[in-house]
Amino acid sequence: MLRTNTCGELTIKNVGQIVSLCGWLARARDFGGMTFIDLRDRYGITQLVFNSETNKELYEQAKKLGREFVIRATGDVCERSNKNLKIPSGEIEIIVNKLEILNESKTPPFTIEDESDGGDELRMKYRYLDLRRTSVKNNLLQRHKVGQAVREYFDANGFADIETPFLIKSTPEGARDFVVPSRMSQGEFYALPQSPQTFKQLLMVSGFDRYYQIVRCFRDEDLRADRQPEFTQIDCEMSFVEQEDVLQMFEGMVKHIFKKVRNLDLPKFPRMTYANAMKYYGVDKPDTRFEMKISELNDVVKGKNFKVYDDAELIGGICAKGCAEYTRKQLDKLTEWVKRPQIGAGGLGYIKYNSDGTLKSSFDKFFDEPSLKKIAEKFSAKQGDLILILAGAETKTRKALGELRLEMGNKLGLRDKSRFECLWVVDFPLLEWNEEEQRWFAMHHPFTSPKKEDIDWMYNGYTEKNSSHAPKANAYDVVINGVEVGGGSIRIHNKELQQQMFKVLGLTKEETEQKFGFILNAFEFGAPPHGGIAFGFDRLCSMVISNEDYIRDYIAFPKNNSGRDVMLDSPSPIDEKQKKELGLK
RNA sequence: GGACUGGUAGUUCAGCUGGUUAGAAUGCUUCCCUGUCACGGAAGAGGUCGCGGGUUCGAAUCCCGUCCAGUCCGCCA
């Protein structure tokens, strides 16, 4: 070993020892006679001292070192005369008597400090330098801890980690596949898995009744701050279980992670139906750190000759506590915000519940005071509160109300970074009717089982397209602070029902056989009842570690917005020769 | 596919209602400094103002196009 210790471990207890340290020169402070050097490695920073009075030659040598030089220093651990209590090693320093340059370094293009001066693009291009910074480095080390906690939990509960292939078969339904050309079967392609879904189900058929995998998945869709083309899932499946068993088991996993990584004891996760989530929060992943629930106002605002509301499918609102003092300017700004194409509301109505008890609304012309009061009662609004109202087509308005709720939550500082509110959203719809393609789509995926009471509909009712009856699924999501971190379902394990599902989804017999024959065949050989869940590992990490929904700084080498790796400059063209070999030319 | 924001020194940004020599901070180089820890002080180098076109006597600044980056909508079962 070139070193006896790391830069993070020496303290006052080590005074008197002779040590060798290796690391990168983080910063040098030269006093023209003596020089201090902060030596950095993964574990921390230790100060080296060079004094011209005691060792002139070494001092001159140290002066020549540049930032990020890799050096090896040997010397005595000494107590400092001026201590720095801000860092763990701040009570000691190394009086160096031997210095070795292991490698020189060009001056890095940005400063490698906790708060770097580098922009995103540059940091991504030199990601290996960015990873030297404490914040990103710690994210990755914490991510490792999350992974360890997961494996620990699964191992203790009898789950087996089994690998599944990456070169698989393209399937219809779901996200766009990444595709790999086959050299040996020219003109044919493998697909990279969007998730190991079918494999884990086949493992259940094989009898591995508790399976998990921390595994890469690939989806060729547009990206976001919280979405990468390749991302990691904690993929899990269990046999001989009902929904309740799955919920219990994986709630336990999330709790175990928070305990191990953040030393937090989370309370039992509340359950909320999808229907209620949409009704009260306008999304299927409610941020329950604050209330401000959506109230439907159809029964109290219709019939007042206010055309906007009389014509609207849904009128709903939220009550922002203590915002009655909002100025015209602030309200105009909010109105502008809800009218942005991304939100798409027609306008914004409001009622101010003034501190003197009077009510002032944006539609006073049509509503008398008692009518306004009636609306205010819906929210249990108090003096000083502001009620914000949106109206329009039902789905769009609910969504917009959900967005407005989050925006007000942000403005009022109700989305507390130090809090974690986890919940299960249950009873998701099984299918969604797609107007454009005039067919049903699986909301979760086509292997999700319908609720018992909807099985008959699967055979006899599904042709009544977009009927008022929406079949429900044994499907569930874990939501933390408004972020969907995982989702799963109890699967179909019966061949006939699975075939029927494909039929409902509009696949022909031939397509079904060609694309999914393997799993239907497997179901003929004793498939056990089973179900599972998959967690977005990157998202879970970013939430657990920093309570944020931006995953790039939790991935060592992420891709940018357009799916490019700016460090490698990939994707890139390939040789004509390669193309020819693959039958692409 | 769409909306919005940004692109100026190595870096982060200011300048942008058109007008002498495009600034600041930081980093870098040199010098001074023996207890700093974001050390301090002095001097210096460093710019195709993303790219192309247009308007104008004159464009970093206005207009059009284009590329790149970021956030969001669509999309992501």
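Residues numbered from 1 in each chain as written. Chains lettered and ligands numbered in written order. Predicted model: local features only at pLDDT ≥ 70, side-chain atom pairs only at ≥ 80, totals over all residues. Heavy atoms only, no water.

So what's going on with the environment of Pro 450? Which residues, and what values?
Summarising the element assignment, Pro 450 is placed in the loop between β19 (439–442) and α13 (455–460). Judged by its relative accessible area of 4%, Pro 450 is buried. With 21 residues separating them in the primary sequence, Pro 450 and Pro 429 have C-alpha atoms 8.7 Å apart. If we ignore the near neighbours within four places in the chain, the residues touching Pro 450 are Leu 430, Ile 455, Met 458, Lys 472, Ala 473, Asn 474, Ile 492 and Leu 497. (Helix = DSSP H or I, 4+ residues; strand = E, 2+ residues; numbered from the N terminus. Buried < 20%, exposed > 50% of the residue type's maximum accessible area, 1.4 Å probe, protein only. Contact = heavy atoms within 4.5 Å.)

Would you mind going over the environment of Ile 545 in detail, with residue names and values included?
Mapped onto the elements, Ile 545 comes out in helix α16 (residues 537–546). Once the C-alpha coordinates of Ile 545 and Ala 175 are considered, the two residues, 370 residues apart in sequence, prove to be 28 Å apart. In contact with Ile 545, other than residues within four places in its own chain, are Asn 139, Gln 142, Arg 143, Arg 262 and Tyr 554.

Tell me about the domain arrangement of chain A, and name the residues and values.
Assigned domains of chain A: these are domain 1 (12–103), domain 2 (135–263 + 534–582), domain 3 (290–411) and domain 4 (422–531). Just the C-alpha atoms count here: the centres of domain 3 and domain 4 sit 37 Å apart. (Domains from an automatic or database assignment.)

An account of empty space enclosed by the protein is needed here, citing residue identities and associated values.
On inspection of all chains with the given rule, the structure shows one cavity of 30 Å³ or more. Space inside the largest cavity adds up to approximately 40 Å³. Residues belonging to the lining of the largest cavity are distributed by class as follows: five nonpolar, no polar and two charged. (1 Å grid on protein atoms, 1.4 Å probe; cavity = no way out; pocket = protein on both sides within 12 Å on 5 of 7 lines; lining within 4 Å. Points joined across faces, edges and corners; volume = space filled by probe spheres on them. Nonpolar A, V, L, I, M, F, W, Y, C, P; charged D, E, K, R; others polar.)

Outline the sheet that holds strand β21 (residues 483–490), listing residues and values.
Strands pair in a sheet through their backbones, by hydrogen bonds, and they do so in one of two ways: parallel or antiparallel. Read from one edge of the open sheet, eight strands run β6-β9-β10-β22-β21-β20-β17-β11, paired in mixed fashion. What marks the edges here is a single partner per strand, and that holds for β6 (160–161) and β11 (271–273). Relative to strand β20 (residues 475–480), strand β17 (residues 422–426) is paired through five bridges, and the arrangement is antiparallel. Looking across to β20, one finds that Val 426 is bridged to Tyr 476. Sheet strands touched by helix α5 (residues 197–206): β9 (210–218), β10 (230–239) and β22 (530–536). Its angle to β10, the strand with the most contacts, is close to 25°. (Pairing = 2+ DSSP bridges. Axes fitted to C-alpha atoms, helices over the stretch in contact; angles between N-to-C directions.)

Can you explain the packing of aromatic side chains? Please cite residues and give values.
Overall, the coordinates contain 22 aromatic pairs when judged by the stated rule. Measuring from ring centre to ring centre gives 5.8 Å for Phe 447 and Phe 516, while their planes differ by 75°; the resulting arrangement is edge-to-face. With Phe 447 in the loop between β19 and α13 and Phe 516 in helix α15 (residues 509–522), the pair connects residues that are 69 residues apart, well separated along the chain. For the pair Phe 447 and Phe 516, one class covers both residues: buried. An aromatic cluster is built from Tyr 153, Phe 154, Phe 159, Tyr 212, Phe 250 and Phe 535, whose rings are joined through pairwise contacts. Looking at Arg 405, its charged tip hangs above the ring of Phe 290, at a distance of 4.0 Å from the centre. The lysine or arginine in question, Arg 439, covers the ring of Phe 441, its NZ or CZ lying 3.8 Å from the ring centre. (Phe/Tyr/Trp six-rings, centres within 6.5 Å; stacked < 30°, edge-to-face > 60°. Lys NZ or Arg CZ within 6 Å of the ring centre and 35° of its normal.)

Account for the protein's contact with RNA strand B, with residues named and values stated.
Around RNA strand B sit 48 residues, and of these Gly 32, Asn 82, Met 443, His 444 and His 445 come closest. Close to the protein, within 4 Å, the atoms of RNA strand B are drawn from sugar and phosphate at a rate of 53%. Within the side chain of Arg 227, one N or O atom sits 2.7 Å away from a base nitrogen of RNA strand B. Between RNA strand B and Asn 561, the relevant distance is 2.9 Å, taken from a phosphate oxygen to a side-chain nitrogen or oxygen of the residue. By residue number, the principal contributor to the surface near RNA strand B is strand β1 (residues 18–30), which donates three residues. Partitioning the surface near RNA strand B into residue classes produces twelve nonpolar, 18 polar and 18 charged. (Near = heavy atom within 4 Å. Polar contact = N/O pair within 3.5 Å; in protein donor to acceptor, adjacent residues only side chain to side chain.)

How would you summarise a nonpolar patch on the surface if you had to cite specific residues and measurements?
A cluster of nonpolar side chains, contributed by Val 179, Phe 189, Ile 574 and Leu 584, occupies part of the molecular surface with about 330 Å² of accessible area. You can see Val 179 is positioned in strand β7 (residues 179–181). Take Val 179: its relative accessible area is 45%, and that puts it in the partly exposed class. (Patch = residues over 30% accessible without salt bridge, like charges linked within 9 Å, V, L, I, M, F, W, Y side chains within 5 Å. Areas by Shrake-Rupley, 256 points an atom, 1.4 Å probe, with all protein chains shown as cover. Salt bridge = Lys/Arg side-chain N within 4 Å of Asp/Glu carboxyl O.)

How would you sum up the side chain of Gln 498? Please name residues and give values.
Tracing the chain through its elements places Gln 498 in helix α14 (residues 495–504). Filtering out sequence-adjacent residues up to four positions away, Gln 498 remains in contact with Pro 446, Phe 447, Ile 492, Leu 520 and Phe 523.

Describe α14, and please don't skip the residues or the numbers.
Counting buried positions along α14 yields seven of ten residues, so the element is predominantly enclosed. Within α14, burial applies to Lys 495, Leu 497, Gln 498, Gln 500, Met 501, Phe 502 and Val 504. Close packing links the buried residues of α14 with β18 (431–434), β19, α13 and α15. Backbone nitrogen of Glu 496 and a side-chain oxygen of the N-cap are separated by 2.9 Å at the start of α14; the cap is Asn 494. Just past α14, the residue Gly 506 takes up positive phi, approximately 90°.

I'd like a rundown of the pairing of β22, residues and numbers included.
The side chains of a regular strand alternate between the sheet's two faces. Counting buried positions along β22 yields seven of seven residues, so the element is predominantly enclosed. Going residue by residue along β22, you find His 530, Gly 532, Ala 534 and Gly 536 tucked away on one face and Gly 531, Ile 533 and Phe 535 tucked away on the opposite face as well. Here seven bridges tie β10 to β22, and the two strands are oriented antiparallel to one another. The partner of Asp 235 across the bridge, within β22, is Ala 534. Relative to β22, β21 runs antiparallel, the two sharing five bridges. What sits directly across from Gly 487, in β22, is Ala 534.

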